[in-house]
Amino acid sequence: MQSSRNIRRYASAMAVLLASVLFLTACGSKTTDTPADSAGTAPKQEAEKPKQVIKLADLQWQSLWINNAIAGFIIKNGYGYPIETVEMTTPIMQQALVKGDIDVVTEMWTGNIIEWYKEVQSKKQVIDLGPVMDRAVQGWYVPAYMVKGDAERGIKATAPDLKSVADLEKYIHLFPDPEEPSKGLMFNCITGWECAKINRIKLQAYGLSDVINVQEPGASAALDAAIAGAYKKGEPFFTYYWEPTWLVGTYDMILLEEPAFTAECNASIQKALHDEVAMDAITSEFGCAYEDALVTKAVTPALKERAPEVVTFLEKFSLKTDDLNKVSSYMELEKKTADEAAAYFFKNYPDVWKSWVPADIAAKVESALK
């Protein structure tokens, strides 16, 4: 009898245990897409997909290297996208951007490829994100100490009234051609570049070709050396140059005024450039300033679909040319890499770059900089 009672107790206990196991098993068998239960158990999250690499075009000049380094650092550390810079020529970039093989061009000089740019814009094959700098200019420069002097270096102003190309002739004695001292000397654009011939056309248009000779260097390094050498000695000189560049960021230069750019004047210059007008037939109608270049950012349309937050950032990404000149100067004189120049920019221009991104992204960038 006692044995029977023990058996019944044992069977009852096993039944309770089995019921408990079945209950717990049922509670633990919920799928990931069921809502939270009464105890607040949350559904499991899907694993976040890895972000795709964003590719930036490297077209091989200094200001673009700096822009790529700045934008790339923010894209990688602020938005979490892997980045890659791909070295290429401008013609290859044009094809790659349309095909989506490259995602971003941070500095596109659209004036040099304007017909192509208009076409891809009209076909919506490329998205224009606006200018990357406030100005991009080229023209004729003199060192500021010729006009304003330089008290620290003991240099007196030798051409205080020199403001425009119209004033040049009375000051040519200050920058004589060593081989023909009765004439002035202009450091011209690099041999083979279109601007070399355009400058000769403009000298003729301004009535200066008979009193100013030109010296054309074979490479930009030679032009830089001529300008830097004269500047360090405090000597007067007259030169063609452009910005943004490290040289203008390093040395105080004055851009001389010219008659304003017009489409009509430019059309005349283009005719002379392509030998449709003889040099001795060039008149004042051929003389005007270079057009300010439009330098924009552009992305492939697919980037807006897969990384819209990055495209929004790039729309706001824009530097002042004077600031870019200074960063370029730091990179050149201190012999730094583009990444080191970008770090210099982040440190010295926090109000600029923080205006491009939300506060949480800025915090991530700051953390990465540390």
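Structure: see above.
Residues numbered from 1 in each chain as written. Predicted model: local features only at pLDDT ≥ 70, side-chain atom pairs only at ≥ 80, totals over all residues. Heavy atoms only, no water.

Colleague: Please give an account of the pairing of strand S5 (residues 137–143) that cites residues and values.
Modeller: Among the seven residues that make up S5, six are buried, leaving the element largely enclosed by the rest of the structure. Alignment of S5 against strand S9 (residues 238–243), held across five bridges, turns out to be antiparallel. Across the sheet, the residue bridging to Gly139 is Tyr241, located in S9. By the bridge criterion, three bridges tie S5 to strand S10 (residues 253–255) in an arrangement that is antiparallel. (Buried < 20%, exposed > 50% of the residue type's maximum accessible area, 1.4 Å probe, protein only. Helix = DSSP H or I, 4+ residues; strand = E, 2+ residues; numbered from the N terminus. Pairing = 2+ DSSP bridges.)

Colleague: Residue-level account of the pairing of strand S7 (residues 180–187), with values.
Modeller: Two faces make up the sheet, and in a regular strand the side chains alternate between them. Inspection of the sheet shows strand S6 (residues 176–177) paired to S7 by two bridges, in the antiparallel sense. Residue pairing for S7: Pro176 is matched across the bridge by Gly184. If you look at the hairpin formed by S6 and S7, you'll find two residues sitting between the two strands. Relative to strand S8 (residues 212–215), S7 is paired through four bridges, and the arrangement is parallel. By the bridge assignment for S8, Gly184 is matched with Ile212. Here S7 pairs with S9 via two bridges, running parallel. Note that in S9 the partner of Met186 across the bridge is Phe238.

Colleague: Explain the nonpolar core to me, using residue names and the numbers behind them.
Modeller: Residues Trp140, Leu162, Leu168, Ile212 and Phe238 are the most contacted members of the largest nonpolar core, which totals 55 residues. Those elements that place two or more of their residues in this core are S5, helix H5 (144–148), S7, helix H6 (194–205), helix H7 (220–233), S9, helix H8 (246–250) and helix H9 (263–273). The biggest single contributor to this core is H6, with six residues. In contact with Leu168, not counting residues within four places along its chain, are Trp140, Leu162, Phe175, Leu208, Phe238 and Leu256. Met133, Val310, Val311 and Leu314 belong to the second-largest nonpolar core, a separate cluster that totals 40 residues. (Core = buried A, V, L, I, M, F, W, Y, C linked by side-chain atoms within 4.5 Å. Contact = heavy atoms within 4.5 Å.)

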